[in-house]
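These are the residues of each chain, in order.
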Amino acid sequence: MIHRRILNTALAAALVWPAIGMAQTTTRIIVPFGAGGPIDVTTRVLAEAVKGSLGTVIIENRAGAGGNIGVAAAAKAAPDGLTIGVATTASHGINPWLFKTLPYDPVKDTVPITQMLRVPNVLVINADAAKRLNINSVADLIAYAKVNPGKLNYGSGGNGSAGHLAGELFKNQAGFFAVHIPFNGGNPAQTALLGGQVDFNIDNLATAAANIRAGRIKALAVTTAQRSAVMPDVPTLAETLPGFEIDTWWGLFAPAGTPPETVRKLNAAFTEALRTPEVKARFATLMAEPAPSTPEAFDAFMKSERTKYERVVKISGARVD
């Protein structure tokens, strides 16, 4: 009987040990941008939500070079599932076409885990300009721009930024010309819009929402395929320009060579967290919509984004050597 009890105790310990071992590990998520921005904040929310299944999760910010430095660091980490990175619209959609060389290969060096979220972008116009020019819709803006080529301008966070590329795609698809004014970051571009130095821009809804609600800028359309749940009265650009779809997204990846079973465990932990009411509520404050997916679905999505942005970058003429 004593031997049986010892055997049963040993067996129970053997069964419990892997779970304990997993709970005691430390998972590191490399965020390729500075602390305090939407990518950092939402990743920290998610990191807190998966501690019950993954154990300690820490965030390491590695900013620089449009996200390339942090993505490269995560891609070159040991493929053991303990260091993962954040893939963004820039790192896995735009930068492969914008930069002559990259310190990572978004296809060969990274393994998709799951998309995290999407944040709608929104076409906004300075409220005073909208009133002065009688622009109350996307159709109004296009009509004015076609009759007055080059009289409208738009701002962005810089050449090759998501706002710049979205603006160039909008101009191309609508068939008008407006002057692009690049700024050193999204905040200066927003300040210029509020001050009337630029007429319109395509901005992140999380950034623009407060000024839209305050009446300082006017929302003409969101750039996602469907209307945003947080501003359902704002139409989509696709309602005027069929097929137009651009949004901001980010997700998680592991270094190439990470075992498939490890990727599946990470996917299960993060997608479960993304579906919780707590995470949904926290993301909603940033106008972000959770977008949990399988690794395969996220991989296919990023491939489609690279195809789209190859064309858009060529249209824009933007290049970083």
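How each quantity is defined
Residues numbered from 1 in each chain as written. Predicted model: local features only at pLDDT ≥ 70, side-chain atom pairs only at ≥ 80, totals over all residues. Heavy atoms only, no water. Buried < 20%, exposed > 50% of the residue type's maximum accessible area, 1.4 Å probe, protein only. Helix = DSSP H or I, 4+ residues; strand = E, 2+ residues; numbered from the N terminus. Pairing = 2+ DSSP bridges. pLDDT = per-residue confidence, 0-100. Contact = heavy atoms within 4.5 Å. 1 Å grid on protein atoms, 1.4 Å probe; cavity = no way out; pocket = protein on both sides within 12 Å on 5 of 7 lines; lining within 4 Å. Points joined across faces, edges and corners; volume = space filled by probe spheres on them. Nonpolar A, V, L, I, M, F, W, Y, C, P; charged D, E, K, R; others polar.

(A) Summary view of the pairing of strand β7 (residues 200-204). Among the 5 residues of β7, 5 are classified as buried, and the element is accordingly described as predominantly covered. Strand direction decides the pairing type here: strand β4 (residues 110-126) and β7, joined by 5 bridges, are antiparallel. The residue bridging Asn121 from the neighbouring strand is Asn204, located in β7.

(B) Looking closely at the confidence of the model for the protein chain. On average, residues of the protein chain score 90 in pLDDT, and 92% of them are at 70 or above. This stretch, residues 1-23, has a pLDDT under 50; its non-local contacts, to residues over four places away or in other chains, come to 6 contacts.

(C) Structural detail: helix α4 (residues 68-75). Among the 8 residues in α4, 7 count as buried, and that is most of the element. All of the buried residues in α4 are Asn68, Gly70, Val71, Ala72, Ala73, Ala74 and Ala75. Buried residues along α4 sit in contact with β1 (26-31), β3 (83-88), α5 (89-98), β4 and β9 (247-255).

(D) The layout of surface pockets, seen in detail. Approximately 1200 Å³ is the volume attributed to the largest pocket. As for the largest pocket, its lining consists of 43 residues, and the residues nearest its centre are Phe33, Gly157, Ser161, Ala162 and Gly186. Looking at the lining of the largest pocket, the elements with two or more residues in it are α2 (38-49), α5, β5 (153-156), α8 (162-174), α9 (186-195), β7 and β9. Ranked by the residues each element gives to the lining of the largest pocket, the list is headed by α5, at 5 residues. In the lining of the largest pocket, the residues fall into 16 nonpolar, 24 polar and 3 charged.

(E) Structural view of unusual backbone geometry. Even without being glycine, Asn134 reaches a positive phi, approximately 60°. Mapped onto the elements of the fold, Asn134 is located in the loop between α6 (127-133) and α7 (138-147). Residue Asn134 is classed as exposed on the basis of its relative accessible area of 54%. One non-glycine residue, Met287, lies in positive phi territory at about 60°. Looking at where Met287 falls in the secondary structure, it is placed in the loop between α12 (277-284) and β10 (289-290). Judged by relative accessible area, Met287 falls into the buried class, the value being 10%.

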